[in-house]
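If you want the building blocks of each chain, they are given just below.
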Amino acid sequence: YRGFQGASGEYVLDLSDELPKELAERFDVVFNHTTLEHIFDFKRAFENLCRMSRDAVVIVVPFAQAYHGTPDWGDYWRFTPEAIRKMFSDNGFETVYITHNENPNSGLYIFAVASRMPQKWLGKLPELKGREPAGDSIGNSRLRNILRAILRSKERKNSR
């Protein structure tokens, strides 16, 4: 239920609540995959993820995705690379890697790694190069562009 398997060592955690003191800086790496869009108070949830880590936080969040709320949980937010960098920075982390998938026929997700000790990650991840242009493929399907070019060509011929 909601990701809980009932296995030993699991923590049931509501990221929108106060973080239990025993979980502060308890883990070397905290990994969160596609849950932040379902938490209305995402800033508190993001802060809790960062507070649990001694070093790194790895997240996967939607940038462009179909609505998928249910009666049990909402679907509130989508995130940009800029927002992710800012949220990490506001929580004492530096983004050391950020990327996204590029399939124009599926949802777009941002994958990001941030660390309290960014120098530790130098040379271990691909180097960041400027702005991450997530979403550039939206509306740019190859078939659509081919059809547009054909139509423009016909319009030019007809206007002569």
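Residues numbered from 1 in each chain as written. Predicted model: local features only at pLDDT ≥ 70, side-chain atom pairs only at ≥ 80, totals over all residues. Heavy atoms only, no water.

**Things to note about unusual backbone geometry**
Despite not being glycine, Glu25 has its phi angle at roughly 50 degrees, a positive value. Following the sequence through the fold, Glu25 ends up in the segment before β1 (27–33). Residue class for Glu25 comes out partly exposed when judged on its relative accessible area of 43%. With phi around 50 degrees, Thr34 is a residue other than glycine that occupies positive phi space. As for its position among the elements, Thr34 is in the loop between β1 and α1 (42–52). (Helix = DSSP H or I, 4+ residues; strand = E, 2+ residues; numbered from the N terminus. Buried < 20%, exposed > 50% of the residue type's maximum accessible area, 1.4 Å probe, protein only.)

**Observations concerning the pattern of salt bridges**
The tally for this structure, following the rule as stated, stands at five salt bridges. The partner of Asp75 in a salt bridge is Arg78, and the shortest N-O contact between them spans 2.7 Å. A salt bridge links Asp90 to Lys86, with the shortest nitrogen-to-oxygen separation between them at 2.8 Å. Note that Asp90 and Lys86 are positioned in helix α2 (residues 81–90) at a spacing of four residues, about one turn of the helix. You can call Asp90 exposed: its relative accessible area is 53%. (Salt bridge = Lys/Arg side-chain N within 4 Å of Asp/Glu carboxyl O.)

**A look at α2**
Among all positions of α2, only Pro81, Ile84, Met87 and Phe88 are buried. For α2, the buried positions fall inside an angular range of 130 degrees around the axis, keeping them on one side. Projecting away from the buried face of α2 at angles above 90 degrees are the exposed residues Glu82 and Asp90. Elements that come into contact with the buried residues of α2 comprise α1, β2 (53–64), β3 (94–100) and β4 (108–115). Looking one or two residues past α2, Gly92 carries a phi angle of roughly 80 degrees, positive in sign. (Arc of directions from axis to C-beta. Contact = heavy atoms within 4.5 Å.)

**Focus: the sheet that holds β3**
If you walk across this open sheet you meet the four strands as β1-β2-β4-β3, and the pairing is mixed. Edge positions in the sheet fall to β1 and β3, since each of these pairs with one other strand and no more. Pairwise comparison of adjacent strand axes, ignoring direction, gives a mean angle of 15 degrees for this sheet. The pairing of β3 with β4 spans six bridges and is antiparallel. Pairing of Ile98 across the sheet is with Ala112, part of β4. (Pairing = 2+ DSSP bridges. Axes fitted to C-alpha atoms, helices over the stretch in contact; angles between N-to-C directions.)

**Concerning α1**
One full turn of an α-helix is made of 3.6 residues, so residues set three or four places apart face in the same direction. Those residues of α1 not exposed but buried are Phe42, Ala45, Phe46, Asn48, Leu49, Cys50 and Met52. Elements that come into contact with the buried residues of α1 comprise β1, β2 and α2.

**A look at the packing of α1 against α2**
At a minimum axis distance of 10 Å, the contact between α1 and α2 shows a crossing angle of 55 degrees. Taken together, the axes of α1 and α2 lie oblique to each other. The interaxial crossing formed by α1 with α2 has right-handed handedness. Note on element contacts: α2 touches α1 through Ile84, Met87 and Phe88, opposite Phe42, Phe46 and Cys50. (Parallel < 35°, antiparallel > 145°, perpendicular 65-115°, else oblique. Left-handed = near helix turned anticlockwise from the far one by under 90°.)

These results come straight from atomic positions and should not be treated as a statement about function.
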